[in-house]
Amino acid sequence: MDFNSLLQQAQRLNNEIQHTEELPRVERTISQVLQATKELHTRVTQTGAQDIQAHILLASKGIDLPKISQKLESLNAQKTFEPLDPISETDVQNFLKNEKENTILSVIEEVHKNAFQSAQKRKWEHIKAEWCEEKVKLMNALVGPSQNWIDIEKLPEQTVINETFGLRSCLNNIEMAYAREVYDYNVVVIKGAFRPNLVQKFSNVAKNFKDTKVYDIWEIMKYMVDVTPVPRNRDPLQSRIQIKQFIEQAKKYLENRYKLYMSTVISSNLREAQRGGVPSTFNLVSAFVGLTFNKSNCLGLQDVNVDGKPLWPIVYYCLRCGDMQSALRCVLMGGSGHEDFIQILEDKINKPEQKINSKLEGQVKLHYCNKIKNSTDPYKKAVYCIIAGCDINDQHLEVAKTTDDFLWIQLSILRNEASENGESLTYSGLQVMILEKYGEKHFNANEQQHLYFQVLALTGQFEAAIEFLARSEKYRPHAVHIALALNEMMLIGGPRNVQEPLLSVDIEDSVPMRRLNMARLIMLYVKKFEMTDPAEALQYYFFLRNLKDPDGRNLFLVCVSDLAIECRNYDLLFGKMMPNGVASGGLLQQFDCVNFDSRTAANIVADELVRKGMFEDAIKLYDLADMQSHSLRYLSLLLSQVVHQSSKKGSLRERLAILATEFSERLRGSRIECEAQIVVTFNLLNELVSFFDYYHERRYQLALEILANTKLVPFSMGELEESLNNFKALGSEISKTYPYILLATMDILYSQYKTLKGKDTGILKSGGDSRLQHLRQQAKALTNMAATIPYRMPGDTNRRLVQTEILMN
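Bear in mind that the values here come from a model prediction, so they are computed numbers and not experimental data.

A few words now on the packing of aromatic side chains. Going through the model one piece at a time under the given rule, you end up with 36 aromatic pairs. The interplanar angle of 65° and the centroid separation of 5.7 Å between the aromatic rings of Y316 and Y379 together place this pair among those described as edge-to-face. On the criterion of sequence distance, the pair formed by Y316 in helix α13 (residues 311–320) and Y379 in helix α17 (residues 378–388) is long-range, its members being 63 residues apart. Here Y316 and Y379 have matching classes, each one buried. When the ring of F691 is compared with that of F692, the centres are 4.9 Å apart and the planes differ by 70°; the resulting orientation is edge-to-face.

Dropping the structure here:
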């Protein structure tokens, strides 16, 4: 093609453009076209390929993206929610409009503020709960002693044995044997009968364990609790300091134990012992001394012999066996020179409750310091120290060869009050010596747990002894039941509140007394088996019935609540409501007494479940607590959320539908104290369950009949006003389901319309048109109802209703 042809075509196109009005004429030189091309290229390279593609895509749909961008940039969203400036009061119309808009804006702002605060509160509550749970786990893991007060809350423990509920018991033979005795004891307590001695009961059980160390532990406790009963209104720690019987009982145990040891030694060497005469402590001691001492080991012993045996060893061993009368007899046989010593012995024998004459005791101490202290006879020195309380720092190592001997000597030299010159040992001083001065390391407690427990228990430090024994897996069951027995006898000092550590110090107590947190001890012990053995767990929790948590709630009820929420076996714990309205007895029914009611426990657990959002579980417990109004309220709340769904096996809707049917049958004909609105809402939801069941089963006629009885939706324009009035009286539970009711009803009408429309033409001529018209009128009534009710429909409900109505016209 030559240039002339191109020129002619260009002129022809130019002429055509001049006669068109749609496009404006553009005259540009070559340089202008080049400049415009460069500008276009610059814009394209700056915006990027994605923006270009967006422009092309939207332009193909007829959308001018640059114009929309300009409009969006011109909008100022900041002014939308700013309070409007007031206008002149004379402009009433604009003033009211302004006030209305200000009110709307203030409501929006208030809702936004409340929502933010609620979210923040829930967030911090969740964080606090997690931290408290971690603190509980840490404290429960720290089974060692603590002298600090730590503020923690008892929360339900997440254990790894949750899945083992109902399976094999976690209790071993020893724990099960103790649990049976605990059960028998609680039965007696609940009946209000005379309470047996728990120490004696547990001691009898311990005989079957075939463990001599455990048997010795319980023997010690039998001696130590054989004192005058402590009043329940007095502090056990203060009573323990004031009652001298604890010291006497400790000495009695050590003395009887030593007599048994002597008898064993003599029985093993009957020929050498040459024991004869009437059985008595004196003859026993004489035979033992004769067997133990001979010419080779009598060096250093002083004074005359008694029947050829050294005097002071016989006196010492008579005292060691607790026979002061035989000791006096020996001293009298020893001749003169011991008159003051004999006088003190006689005073102790004849006047045991009276204090020793201080002048006489001073003379004996002076005699000890001047002559006896440097004596070569260790038994003579020991006897003088025991009787007169001389030289409390002397350990008497030649005589006290065992821990029992050492402890007996220390108990024997005790005085009620410290002397002015400090040369006396008090009960609290001995306790400090054992617990703090010597401590666990001195007694090799890690290897000899029973021995360290013994010295603590015999010095009246029950709390520290139990806490120490509870650290050992082997001895923990025994420690827990010792604590239970002593606590029932008011011999355990508890802390001021149940949040404190297992062992704590109260600044008002005398040194070195400790306080044992019984609540924590029992909870730690029961945690092992509470999921697999809830019946036994409840028996132990029953011992906490007289304690309160920081909120003032009964600790037994708190533990029951935690256990019920964790295991969720409410039928086992609280029983099950029968069709006749009578609850079958659960495990908690056995504890019903003056101070406890299983219905109250069910109410507490239900409230906690509601707080946690576990409404389905709370419904059953409120029913067991005889609070059917609460059950119906939360049942209606849950039903309103799932009533429109199709019923699937094992689903929440199926469970709620079964529960609603049970309530409906049981409450039919009976009256309950409940708000009328709650009952009406529940009955309507119960009927809607059947409506949606028929709807999903495509049994449309039955569904429409149920819905017509409820008067919830209009099936003609004449029923619109009545249905609207009924809707205004509905509760929020029914209002939430109303969109689904309208959609389901419209779907039923449309299905009937399609079925009728698809039938033979002859049938249509014989009345089918009137039936189709009737269905159209019903659909129209539904759409009008949806547009009229004072309720904001979710999503595209109105659009779907209108579209369906259009399809039917």
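Another aspect to go through is the state of the cysteines. Across all of its chains, the model carries zero disulfides by this definition. Of the cysteine sulfurs around C385, a residue in no disulfide, the closest is that of C390, at 5.4 Å.

In this structure the tally under the stated criterion is 26 salt bridges. Taking the shortest distance from any N to any O, the salt bridge between K222 and E219 comes out at 3.2 Å. Placement of the pair is K222 and E219 together in helix α8 (residues 212–224), with a separation of three residues, close to one helical turn. The exposure class assigned to E219 is buried, which follows from its relative accessible area of 15%. The salt bridge partner of R515 is D235, with a shortest N-O separation of 2.6 Å. Within this pair, whereas R515 is found in strand β4 (residues 515–516), its partner D235 is found in the loop between α8 and α9 (236–242), the two being separated by 280 residues in sequence. Looking at R515, the relative accessible area reads 7%, which means it is buried. The network of salt bridges with shared partners includes D235, R496, D506, E508, D509 and R515.

Going through the model one piece at a time under the given rule, you end up with two cavities of 30 Å³ or more. In this structure, the second largest cavity encloses a volume near 30 Å³. Looking at the second largest cavity, the residues that line it are K711, V713, E719, E722, S723 and N726. Its residues assigned to classes, the lining of the second largest cavity shows one nonpolar, two polar and three charged.

On to the confidence of the model for the protein. Looking at the protein as a whole, its pLDDT mean stands at 82, while 84% of the residues score no less than 70. Contacts from residues 143–166, a stretch scored under 50 in pLDDT, to residues over four places away or in other chains number 66 contacts. Contacts for the low-pLDDT stretch residues 760–766, under 50 throughout, to residues beyond four places or in other chains number six contacts.

The subject of this paragraph is the side chain of E463. The residue E463 is located in helix α21 (residues 462–470) in this model. A polar contact is formed between the side chain of E463 and the side chain of R240, at a distance of 2.7 Å. Discounting chain neighbours no more than four positions away, the residues touching E463 are L237, R240, L491, I492, G493, L503, M513, R514, R515 and L516.

Here F202 lies in helix α7 (residues 198–206). Judged by relative accessible area, which is 0%, F202 ranks as buried. For the pair F202 and H478, spaced 276 residues apart in sequence, the C-alpha to C-alpha distance is 8.9 Å. Each residue touching F202, except ones within four places of it in the same chain, is listed here: Y178, E181, V182, W218, H481 and A485.

Now for the environment of R329. Here R329 is to be found in helix α14 (residues 324–333). On the accessibility criterion, R329 (45% relative accessible area) is partly exposed.

In this structure, P512 follows V511 across a cis peptide bond, with omega equal to 5°. For P512, the location among the structural elements is in the loop between β3 (503–504) and β4. In this structure, K210 is a non-glycine residue whose phi angle is positive, near 60°. Turning to its location among the elements, K210 is positioned in the loop between α7 and α8. Residues other than glycine seldom take positive phi values, yet R698 does so here, at roughly 65°. Examined against the element boundaries, R698 turns out to sit in the loop between α31 (676–696) and α32 (700–710). With relative accessibility at 63%, the residue R698 sits in the exposed group.

This part covers helix α6 (residues 173–191). For α6, built from 19 residues, the straight-helix expectation of 27 Å at 1.5 Å per residue is met to within 8% by its first-to-last C-alpha distance of 28 Å. If you check which residues of α6 are buried, you get E175, A177, Y178, A179, E181, V182, Y185, N186 and V189. The inward-facing, buried residues of α6 contact α7, α8, α22 (476–488), α23 (518–526) and α24 (534–541). In this structure N172 caps α6, since a side-chain oxygen of it lies 3.2 Å from the backbone nitrogen of I174.

What follows covers helix α30 (residues 652–667). An ideal rise of 1.5 Å per residue puts 22 Å on 16 residues; α30 measures up with 22 Å between its terminal C-alpha atoms. Of all the positions in α30, only R653, L656, A657, L659, A660, F663, S664, R666 and L667 are classed as buried. Looking at the buried positions of α30, the neighbouring elements they touch are α28 (615–624), α29 (628–642) and α31.

The contact between α6 and α22 brings their axes to 10 Å, and the two run at 15°. In terms of orientation, α6 and α22 fall into the roughly parallel class. By crossing handedness, the relation of α6 to α22 is classed as left-handed. Along the contact surface, α6 presents I174, E175, Y178, V182 and Y185, while α22 presents P477, H478, H481, L484 and E488. Along the lines of polarity and charge, the residues of the contact of α6 with α22 split into six nonpolar, two polar and two charged.

Let's shift gears to the packing of α6 against α24. Any two packed helices are characterised by how steeply their axes cross, that is the angle between the axes, and by the distance between the axes. Interhelical geometry of α6 versus α24 gives an angle of 55° and a closest axis separation of 10 Å. Taken together, the axis directions place α6 and α24 in an arrangement best described as oblique. Here the hand of the crossing between α6 and α24 comes out left-handed. When α6 is examined against α24, the residues E175, M176, Y178, A179, V182, Y183 and N186 are found in contact with a partner set consisting of E536, Q539 and Y540. Grouping the amino acids of the contact of α6 with α24 by side-chain chemistry returns six nonpolar, two polar and two charged.

Rules of the game
Residues numbered from 1 in each chain as written. Predicted model: local features only at pLDDT ≥ 70, side-chain atom pairs only at ≥ 80, totals over all residues. Heavy atoms only, no water. Phe/Tyr/Trp six-rings, centres within 6.5 Å; stacked < 30°, edge-to-face > 60°. Helix = DSSP H or I, 4+ residues; strand = E, 2+ residues; numbered from the N terminus. Buried < 20%, exposed > 50% of the residue type's maximum accessible area, 1.4 Å probe, protein only. Disulfide = S-S within 2.5 Å. Salt bridge = Lys/Arg side-chain N within 4 Å of Asp/Glu carboxyl O. 1 Å grid on protein atoms, 1.4 Å probe; cavity = no way out; pocket = protein on both sides within 12 Å on 5 of 7 lines; lining within 4 Å. Points joined across faces, edges and corners; volume = space filled by probe spheres on them. Nonpolar A, V, L, I, M, F, W, Y, C, P; charged D, E, K, R; others polar. pLDDT = per-residue confidence, 0-100. Contact = heavy atoms within 4.5 Å. Polar contact = N/O pair within 3.5 Å; in protein donor to acceptor, adjacent residues only side chain to side chain. Expected span 1.5 Å × (residues − 1). Axes fitted to C-alpha atoms, helices over the stretch in contact; angles between N-to-C directions. Parallel < 35°, antiparallel > 145°, perpendicular 65-115°, else oblique. Left-handed = near helix turned anticlockwise from the far one by under 90°.

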